[in-house]
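# Observations on chain architecture
Now for the letters of each chain:
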Amino acid sequence: MKILTVNSSPRTGAGSISELLLNHLVQGMQKAGAEVCSVNLREKTIRPCQGCFTCWTKTPGKCILQDDMTKELLPKLIEADLVVYATPLYHHTVNAHIKTFIERSLPCAQPFFELREDGKTSHPMRYDMGKAVVVSVAGFPEHSAFDQMSAYVRFLFGERLVAEIYRPAAESMMQPGMKNRRRAIKGALRQAGQELVKHGAVQTETMQTIN
């Protein structure tokens, strides 16, 4: 299994809880035998989509912008069996880095509409896109802080979304008195990584520990 992880946190190392959680998830995936390619968007040059639709008309499937998204990341996105989107919660949704990444995936879609079985219209994909997992952290203690993000990614990925891994009270989790809880969460994330590779989903008990 080929897995692409996309980390949009502007922080790095111990300063990024998003990255901490993602790293343990990746460890579990690798232990289960997956081939994981990890990308930090803060290290890449990705220009905003211009809305020119050249990728739909003049050069189908190819973006006119020549940057890291076109040359490196889009091919990796297309090839991946599973894509993990890791983002801190900014204003109750994904942050700008990963939103730009998502918008620049427009070449993956066809330019025409199709009517789905639920009666709604959508753009069919040009490629056989991989499954999606979303990982996020928030300082808010309520899990409901992720409601807007959850609604967005469920609409965006539909049936391709196989797991939403959200950790509220993330800053509090890093306090000295939370050492045992932190150890349990890290272990559950590694377990979740293995479960995603082996079963294509995260078990309820594992997710409860993470949450």
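One can find the structure itself at the top, above this paragraph.
What comes next concerns the included structure. Just so we're clear, the structure is a prediction, and the values are computed from it rather than from any experiment.

## Structural notes on the pairing of strand β2 (residues 35-40)
By the bridge criterion, six bridges tie strand β1 (residues 2-7) to β2 in an arrangement that is parallel. The partner of Ile-3 across the bridge, within β2, is Val-36. The parallel pair β1 and β2 is bridged by helix α1 (residues 17-31), and the resulting crossover is right-handed.

## Description of the pattern of salt bridges
The tally for this structure, following the rule as stated, stands at eight salt bridges. Across the pair Glu-72 and Lys-44 runs a salt bridge whose closest N-O atoms are separated by 3.0 Å. With Glu-72 in helix α2 (residues 68-79) and Lys-44 in the loop between β2 and α2, this residue pair connects regions lying 28 residues apart in the sequence. Relative accessible area serves as the criterion here: at 22%, Glu-72 is assigned to the partly exposed category. Residue Asp-118 is joined to Arg-116 by a salt bridge in which the shortest nitrogen-to-oxygen separation is 2.8 Å. Judged by relative accessible area, which is 33%, Arg-116 ranks as partly exposed. Taken together, the shared-partner salt bridges in this structure form one network comprising Lys-44, Glu-72 and Lys-76.

Cut-off values and rules
Residues numbered from 1 in each chain as written. Predicted model: local features only at pLDDT ≥ 70, side-chain atom pairs only at ≥ 80, totals over all residues. Heavy atoms only, no water. Pairing = 2+ DSSP bridges. Helix = DSSP H or I, 4+ residues; strand = E, 2+ residues; numbered from the N terminus. Right-handed = clockwise from strand over helix to strand, strands pointing away. Salt bridge = Lys/Arg side-chain N within 4 Å of Asp/Glu carboxyl O. Buried < 20%, exposed > 50% of the residue type's maximum accessible area, 1.4 Å probe, protein only.

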